[in-house]
Amino acid sequence: YILRKMPVAPLLPFTVTPNRKSAIPTSFRLTEKFILLLVFSAFITLCIGAIFFLPDSSKLLSGGFFRSSPAVETNTRTGLESSNSGSAGNVERVLDKIKKDHEQALLEIIFPCFFVPLPHSPFLPTCQMMKHAWDGYRRYAWGSNELRPVSKQGHSSNLFGSIKGATIVDALDTLYVMEMFEEFDAAAEWVEKNLDFNVVSVEVSVFEVNIRFVGGLLSAYYLSGKEVFRRKAVELGEKLLPAFKTPTGIPWALLNLKSGIGRNWPWASGGSSILAEYGTLHLEFMHLSRLSGKPEFAQKVMNIRKVLNRLDKPQGLYPNYLNPNSGQWGQHHVSVGGLGDSFYEYLLKAWLMSDKSDEEGKKMYYDSLQAIETNLMRKSSSGLTYIAEWKGGLLEHKMGHLTCFAGGMIALGADGAPGDKTGHQMELAAEIARTCHESYARTALKLGPEAFRFDGGVEAIATRQNEKYFILRPEVIETYLYMWRFTHDPKYREWGWEAVQALEKHCRVEGGYSGLRDVYASSPNHDDVQQSFYLAETLKYLYLLFSDDDHLPFDHWVFNTEAHPLPVIRKDQTDQPNEVE
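Just so we're clear, the structure is a prediction, and the values are computed from it rather than from any experiment.

Participant: For this particular structure, what's the right way to read the UniProt feature "active site" (unreviewed entry) in the protein?
Facilitator: The residues that UniProt annotates with the feature "active site" (unreviewed entry) are Glu208, Asp341, Glu450 and Glu475. Structurally, aspartate 341 is set in helix H13 (residues 341-353). For aspartate 341, a relative accessible area of 13% translates into the label buried. When near neighbours in sequence (up to four residues on either side) are disregarded, aspartate 341 contacts Ala276, Ser335, Val336, Leu402 and Phe405. Considering the arrangement of structural elements, one finds glutamate 450 in the loop between helix H16 (422-441) and strand S14 (451-453).

In structure tokens:
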């Protein structure tokens, strides 16, 4: 089918007006009695249906699952700082607590994907999109990392080495929150029987394996309570630890999981590590310490901050490159898009995930955001706010699709902004969302390019052929979701619906969904890759955009940069923040 317009549910009268001549119910006409009977029957049916189908969000919002008792939280913390033998019992108590709370509270985070309360609800198309993407992968590429939906075969990126099943692990939590349990069970069975990290004999990207595999497994564990996901996440996390064996503790970008030998990308400024890669481990590694009782995970990511805090920042900015041997910056290139993006995201989310006890992460985030606003944010002649890239003090007036996540990030952090800057930051977030929407609206296919420019007389348009492609990225939809949650401005849902229509019209093929080579072309030219993050991020963000706000609420869940929800780690008031050394 082709989705044509944003559906609008008609408002229907909830009561029936009696005949004006009738003063009491006994004087109703027969037809009026029949109508009243129908209304009463419908009301009773609605009440019964609500009991069985609608989630009771009061328990979820009260934090029944997320707010552990002081004793449990104390045990958790003690477990991280005690001997391995002592920590084992504490970890067991933490896991027992999670499992006991699971049945009571986690069921309430599900909004049934195929329970559609209104005709033409956006829920149904987003769920059908997920089912089509998953079914294509399961039929043509099961066990491969990704799908080629046009040629109907598997596709594997070298980012994952010999690890298989990226789409399966990436999609686990999306399947679960959409209540696609048959598909989820099949994925869980595959993980149990086939996800093997011991056969890997080639290099993997530490960053990609962490956000997709470790993040996906952690999220699946917290949602479903299945022990296999916790066990696999910890196992993989342990295999990533040798990446930190550098003179500074700044991890390598690439790691051979079998030999433990690491190195950096050869193109990265004199053998440097990349800000967005070594800076996007914090959320997952803090949870790995919590679930394993091993403080080493937390220690590794906290050490990264120590290295960064010792360095001078040019104009308060964090360059994209850092040498792991010397501990000095490489080229002074700064970007809130590729190479830099999720570092800033994880500073904010580390503070939020710590129940706002991580004051160091909070300060680093707001200080860096101020430097970004001062040095990188600019406004075009027509009034579009964009975030440029900084190269040795000179601005390149280009903004990447990846940078569009920043609107959502700034909105998420606005409430905690220092001073009276909350309103100002929400305005910035809204302006960035508008700019990114314009980058979509100004293309022929109504989907955004990989990068767009503000120079040479153009605004929010890609001018180079190698920037005109669209690979099913989620960042613009992500910002729409955050802006909708914090403002309830209907335009964000309308913009999301425009994206649904464009995806269905131009990216959907018989075997799944494909990226596009040129969004300015009059007809789609498919790149024949269904990225795993399309199922993990793009479709999940679209689904949540049209969900109620108490479905995976932001005050209880923090999304990693691959959109895998991780619970806020509640701290007892007696705990000291950043105690892990």
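What follows picks up the thread again.
Participant: Explain the side chain of glutamate 396 to me, please; I cannot follow it from the model alone.
Facilitator: Along the chain, glutamate 396 turns up in strand S12 (residues 394-396). Note on glutamate 396: relative accessible area 18%, which makes it buried. Sequence-distant contacts of glutamate 396, that is, excluding residues within four places in its chain, are made with Ala388, Glu389, Lys391 and Arg453.

Participant: Before we go on, may I ask you to explain the pattern of salt bridges in this structure?
Facilitator: When charged atoms on two side chains of opposite charge get close, those side chains can pair. This structure, assessed with the given rule, holds 27 salt bridges. Note that lysine 131 and aspartate 135 form a salt bridge whose closest N and O atoms lie 3.3 Å from each other. Of this pair, lysine 131 and aspartate 135 both sit in helix H5 (residues 123-140), 4 residues apart, roughly one helical turn. Given a relative accessible area of 33%, lysine 131 falls into the partly exposed group. Put simply, lysine 193 and glutamate 189 hold a salt bridge, and the shortest N to O gap is 2.8 Å. Here glutamate 189 and lysine 193 lie together in helix H7 (residues 181-194), a separation of 4 residues that amounts to about one turn.

Participant: Would you mind going over the environment of asparagine 309 with me for this structure?
Facilitator: Its location among the elements puts asparagine 309 in helix H12 (residues 296-310). Residue classification places asparagine 309 among the partly exposed residues on the basis of a relative accessible area of 37%. The spacing of asparagine 309 and methionine 364 is 55 residues in sequence and 8.9 Å in space, taken between C-alpha atoms. Not counting residues up to four positions away in its chain, the partners in contact with asparagine 309 are Glu360 and Met364.

Participant: What's the story with the packing of aromatic side chains in this structure? I'm lost.
Facilitator: Enumeration according to the criterion identifies 28 aromatic pairs in this entry. Where phenylalanine 160 meets phenylalanine 213, the ring centres are 5.7 Å apart and the plane angle is 70°; that geometry is what we call edge-to-face. With phenylalanine 160 in the loop between strand S2 (153-155) and helix H6 (166-177) and phenylalanine 213 in helix H8 (residues 206-224), this pair connects stretches of sequence that are 53 residues apart. Classification of phenylalanine 213 by relative accessible area gives buried; the value is 1%. Three or more aromatic residues joined by ring pairs form one cluster here, namely Tyr482, Phe486, Tyr541, Phe554 and Phe559. Lying over the aromatic face of tryptophan 142, arginine 138 brings its terminal NZ or CZ to 5.5 Å of the ring centre. The ring centre of phenylalanine 554 lies 4.7 Å from the NZ or CZ of arginine 485, which sits over that ring.

Participant: Sorry, what's going on with the environment of proline 567 here?
Facilitator: Along the chain, proline 567 turns up in strand S18 (residues 565-567). Between the C-alpha atoms of proline 567 and histidine 556, which are 11 residues apart in sequence, the distance is 5.8 Å.

Participant: When you look at unusual backbone geometry in this model, what are you seeing that I'm missing?
Facilitator: Backbone geometry follows two general trends: most residues other than glycine have a negative phi, and most peptide bonds adopt the trans configuration. Positive phi is not limited to glycine here, since lysine 152 has a value of about 60°. Among the structural elements, lysine 152 can be located in the loop between strand S1 (146-148) and S2. Look at histidine 488: it is not a glycine, yet its phi comes out positive at around 55°. Position of histidine 488 relative to the elements: it lies in the loop between helix H17 (475-487) and helix H18 (490-507).

Participant: Would you mind showing me how to read the state of the cysteines here?
Facilitator: Linking two cysteines covalently through their sulfur atoms gives a disulfide. The final tally for this structure, using the stated rule, is 1 disulfide. Through a disulfide, cysteine 404 is tied to cysteine 436; the S-S separation comes to 2.1 Å. On the sign convention where negative means left-handed, the S-S torsion of about -100° between cysteine 404 and cysteine 436 marks this disulfide as left-handed. Placement of cysteine 404 in the loop between strand S13 (398-400) and helix H15 (405-414) and of cysteine 436 in helix H16 is noted, with a sequence separation of 32 residues between them.

Participant: Please clarify how the UniProt feature "binding site: Ca(2+)" (unreviewed entry) in the protein should be interpreted in this entry.
Facilitator: In the numbering adopted here, UniProt assigns the feature "binding site: Ca(2+)" (unreviewed entry) to Thr561. Tracing the sequence through the fold places threonine 561 in the loop between strand S17 (557-559) and S18. On the basis of relative accessible area, threonine 561 is assigned to the buried category, the value being 16%. Excluding anything up to four places from it in sequence, threonine 561 contacts Ile211, Thr280, Ser342, Glu345, Tyr346 and Glu537. Side-chain polar atoms of threonine 561 contact the side chain of glutamate 345, separated by 2.8 Å.

Participant: What is the right way to look at the side chain of glutamate 475 in this model?
Facilitator: Positionally, glutamate 475 belongs in helix H17. Here glutamate 475 sits buried without a salt bridge, and the closest side chain of opposite charge, arginine 473, lies 4.4 Å off (N-O distance). Beyond its immediate stretch of four places on either side in the chain, glutamate 475 contacts His401, Leu402, Cys404 and Phe405.

Participant: Explain the sheet that holds S12 here, please?
Facilitator: The strands that make up a sheet pair up through hydrogen bonds in the backbone, lying either parallel or antiparallel. Taken together, the 3 strands give an open sheet; going across it, the order is S8-S11-S12, and neighbouring strands pair in antiparallel fashion. Lying at the two open borders of the sheet, with one neighbouring strand each, are strand S8 (333-334) and S12. Here strand S11 (residues 389-391) pairs with S12 via 3 bridges, running antiparallel. Paired with tryptophan 390 across the strands is leucine 395, a residue of S12.

Reading guide: rules and limits
Residues numbered from 1 in each chain as written. Predicted model: local features only at pLDDT ≥ 70, side-chain atom pairs only at ≥ 80, totals over all residues. Heavy atoms only, no water. UniProt positions renumbered as here; feature names shortened; annotations may be inferred. Helix = DSSP H or I, 4+ residues; strand = E, 2+ residues; numbered from the N terminus. Buried < 20%, exposed > 50% of the residue type's maximum accessible area, 1.4 Å probe, protein only. Contact = heavy atoms within 4.5 Å. Salt bridge = Lys/Arg side-chain N within 4 Å of Asp/Glu carboxyl O. Phe/Tyr/Trp six-rings, centres within 6.5 Å; stacked < 30°, edge-to-face > 60°. Lys NZ or Arg CZ within 6 Å of the ring centre and 35° of its normal. Disulfide = S-S within 2.5 Å. Polar contact = N/O pair within 3.5 Å; in protein donor to acceptor, adjacent residues only side chain to side chain. Lys, Arg positive; Asp, Glu negative; His and termini not counted. Pairing = 2+ DSSP bridges.

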